[in-house]
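In case you want the letters, here they are:
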Amino acid sequence: MKHIYLITLLFCNIALYGQVDVYLDEYRASGKSDFEKEKELLGEATQLPELLRPYLQDSLLHVRQKAYSFLYRKGRLVAESEKHPYIILLLKGCEDPNGSIVGQNLIWLQSFSKNDFPAEAKELINALLRNSQVPHRKRLIMLAGYVNAGKEWMKRQSLQPDLSPNDRWFLNLALARLGDEAGIEFCLGALQPLELNNNLVEFGLPDIIYTRQKKLLNICIDYLNSDEPACLSADPDNETPLLCGYRILEMIAPVIIDFPVKVSAIGGLETTDYRQALLTARQWFREHPDYQVQTDEF
């Protein structure tokens, strides 16, 4: 009976491999996706990294994009011990000649826990950092800071006198995420003089929260306590002044351990009473100056 079971399992895997091959070959010709079919295939197929390698090298952009999509989606499904080959191939895809694949892969890589990145992945990130032709440098640098890769390269680069202000900012953000004191102080010095307003909340504070450094997060908490209506509502047809704290709360809540205010999968506060949620958050921070920060996610 055991032999019959193993033979049956083998043929099932071969059949699933065939189905994935057939699907991708049909997709190559038609360019038409069947997301229900893809969900079925990805839920059942095993050892996809080896199967997908030829499609990752395909001459057609849409085929490579689909193959990397399969890698990402399956990589999110498999057990932690099985994620390494998916991450490695997504990183190798950052050498693809098409910038859209590079940018998308870097975004997808952010969704894995930093503990999922093996030493080989960090070596690949180091190599990508040294290759000035790789696009989407901000995403790459911030991924490196997140997974603890490339620190020495970033420190050397941050000292270059001809760096653009944007490059210097991103490098110091990543160094701050790595716990580098010079990087933290650089970000602190850039943040402290800024006036609380829409632009700061929308463009500056997400970067600051990325660092996960309490010296910087404490400034965000100060802004959270501001009663000045320095921001505007999200409705472009009816922009009215409102407290910036509501938007800051949505950004900071997911990174604080044991925080009483929760955020939904789409980023909104899980409450029908925003005012009370903000009051609860303010009180909680006053009572928990020793709060802990979650660092295992991007």
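Right above here is the structure, for reference.
Caption draft 1: Summary view of helix α13 (residues 214-224). For α13, every residue scored as buried is listed here: L216, L217, I219, C220, I221, Y223 and L224. The inward-facing, buried residues of α13 contact α11 (181-191), α12 (198-211), α14 (245-252) and α15 (274-287).

Caption draft 2: Fine view of α11. If you check which residues of α11 are buried, you get G183, I184, C187, L188 and L191. Buried residues of α11, viewed axially, fall in a sector of 135°; they line one side. In this structure, the buried residues of α11 make contact with α10 (165-177), α12 and α13. Between the side-chain oxygen at the start of α11 and the backbone nitrogen of A182 there is a gap of 3.3 Å, and the oxygen is on D180.

Caption draft 3: Molecular detail of the layout of surface pockets. One number sums up the size of the largest pocket: a volume of about 420 Å³. Around the largest pocket sit 16 residues that line it, and Q110, R212, V255, E297 and F298 are the ones nearest its centre. Of all the elements in the fold, those that place two or more residues in the lining of the largest pocket are α8 (137-147) and α12. Per-element accounting of the lining of the largest pocket gives the leading share, 4 residues, to α12. Along the lines of polarity and charge, the residues of the lining of the largest pocket split into 10 nonpolar, 3 polar and 3 charged.

Caption draft 4: Structural context of the environment of N98. Mapped onto the elements of the fold, N98 is located in the loop between α5 (84-92) and α6 (99-110). The spacing of N98 and A119 is 21 residues in sequence and 26 Å in space, taken between C-alpha atoms. Excluding residues within four positions of it along the chain, N98 makes contact with L61 and R64.

Caption draft 5: Structural detail: unusual backbone geometry. Non-glycine residue Q47 carries a positive phi angle of around 55°. On the secondary structure map, Q47 appears in the loop between α2 (35-44) and α3 (48-56). The exposed category is assigned to Q47, whose relative accessible area is 58%. A positive phi is found at D258, a non-glycine position, where the angle reads about 60°. As for its placement among the helices and strands, D258 is situated in the loop between α14 and α15. Using a relative accessible area of 67% as the deciding quantity, one classes D258 as exposed.

Caption draft 6: Fine view of the environment of L178. Looking at where L178 falls in the secondary structure, it is placed in the loop between α10 and α11. Exposure remark for L178: the relative accessible area of 16% places this residue in the buried category. Setting aside chain neighbours within four positions, we find L178 in contact with A144, G145, N148, A149, K151 and M154.

Caption draft 7: How the structure looks around the environment of A127. One can find A127 in helix α7 (residues 119-130). For A127, a relative accessible area of 35% gives the class partly exposed.

Caption draft 8: Geometry of the pattern of salt bridges. Going through the model one piece at a time under the given rule, you end up with 10 salt bridges. The salt bridge partner of D58 is R28, with a shortest N-O separation of 2.8 Å. With a gap of 30 residues between them, D58 in the loop between α3 and α4 (61-77) and R28 in helix α1 (residues 2-30) connect regions that are remote in the sequence. Look at R28 and you get partly exposed, because its relative accessible area is 34%. Salt bridges sharing common partners tie together E38, K66 and R73.

Caption draft 9: Representation of the packing of α5 against α6 within the structure. Between α5 and α6, the least distance of the axes is 9 Å, while the angle of their chain directions is 150°. Comparing the axis directions of α5 and α6 gives the class roughly antiparallel. Pair α5 / α6 crosses with left-handed handedness. Facing α5, whose interface residues are I87, L90 and L91, α6 presents N105, W108 and L109. Within the contact of α5 with α6, the residues separate by chemical class into 5 nonpolar, 1 polar and no charged.

Caption draft 10: Structural context of the side chain of S233. By the secondary structure assignment, S233 is in the loop between β1 (231-232) and β2 (241-242). With a relative accessible area of 18%, S233 lands in the buried category. There is a polar contact of 2.9 Å between the side chain of S233 and the backbone oxygen of N238.

Caption draft 11: The side chain of Q213, seen in detail. Locating Q213 in the fold gives a position in the loop between α12 and α13. Here the side chain of Q213 touches A176 through a polar contact of 2.8 Å, landing on its backbone oxygen. Dropping the residues within four chain positions of it, Q213 is found in contact with A176, R177, G179 and I184.

Analysis parameters
- Here, residues in each chain are numbered from 1, in the same order as that chain's written sequence.
- Whole-chain, interface and lining totals are the exception, using all residues; otherwise, since this is a predicted model, local features are given only for residues with pLDDT of at least 70 and side-chain atom pairs are given and counted only at 80 or more.
- Excluding hydrogens and water, the side-chain figures rest on all heavy atoms present in the structure.
- Residue exposure (1.4 Å probe, protein chains only): buried if accessible area is under 20% of the type maximum, exposed if over 50%, otherwise partly exposed.
- By the criteria applied, helices consist of DSSP H or I runs no shorter than four residues and strands consist of E runs no shorter than two, each listed in order from the N terminus.
- Only heavy atoms enter the contact rule, under which two residues are in contact if any of them lie within 4.5 Å.
- Here the arc refers to the set of directions running from the helix axis out to each C-beta atom.
- Under this definition, polar contacts are N or O atom pairs within 3.5 Å; protein pairs additionally need one hydrogen-donor-capable and one acceptor-capable atom, and for neighbouring residues in sequence, both atoms have to be side-chain atoms.
- Definitions used throughout: a 1 Å grid over protein atoms alone; a cavity as a set of points that fits a 1.4 Å probe which cannot get out; a pocket as an open set with protein on both sides within 12 Å along at least five of seven lines; a lining residue as one with an atom within 4 Å of a point.
- Grid points are joined across faces, edges and corners, and a volume is the space filled by probe spheres set on the points.
- Each residue is assigned to one class: nonpolar for Ala, Val, Leu, Ile, Met, Phe, Trp, Tyr, Cys and Pro, charged for Asp, Glu, Lys and Arg, and polar for all the others, Gly among them.
- By convention in these notes, a salt bridge is any Lys or Arg side-chain nitrogen within 4 Å of a carboxyl oxygen on Asp or Glu.
- Inter-axis angles, ranging from 0 to 180 degrees, are taken between N-to-C directions of lines fitted to C-alpha atoms, where helices are fitted over the stretch in contact.
- In this scheme, roughly parallel covers angles under 35 degrees and roughly antiparallel covers those over 145, while 65 to 115 is roughly perpendicular and the rest are oblique.
- Throughout, a crossing is termed right-handed when the near helix is turned clockwise from the far one, and left-handed when it is turned anticlockwise from it by less than a right angle.

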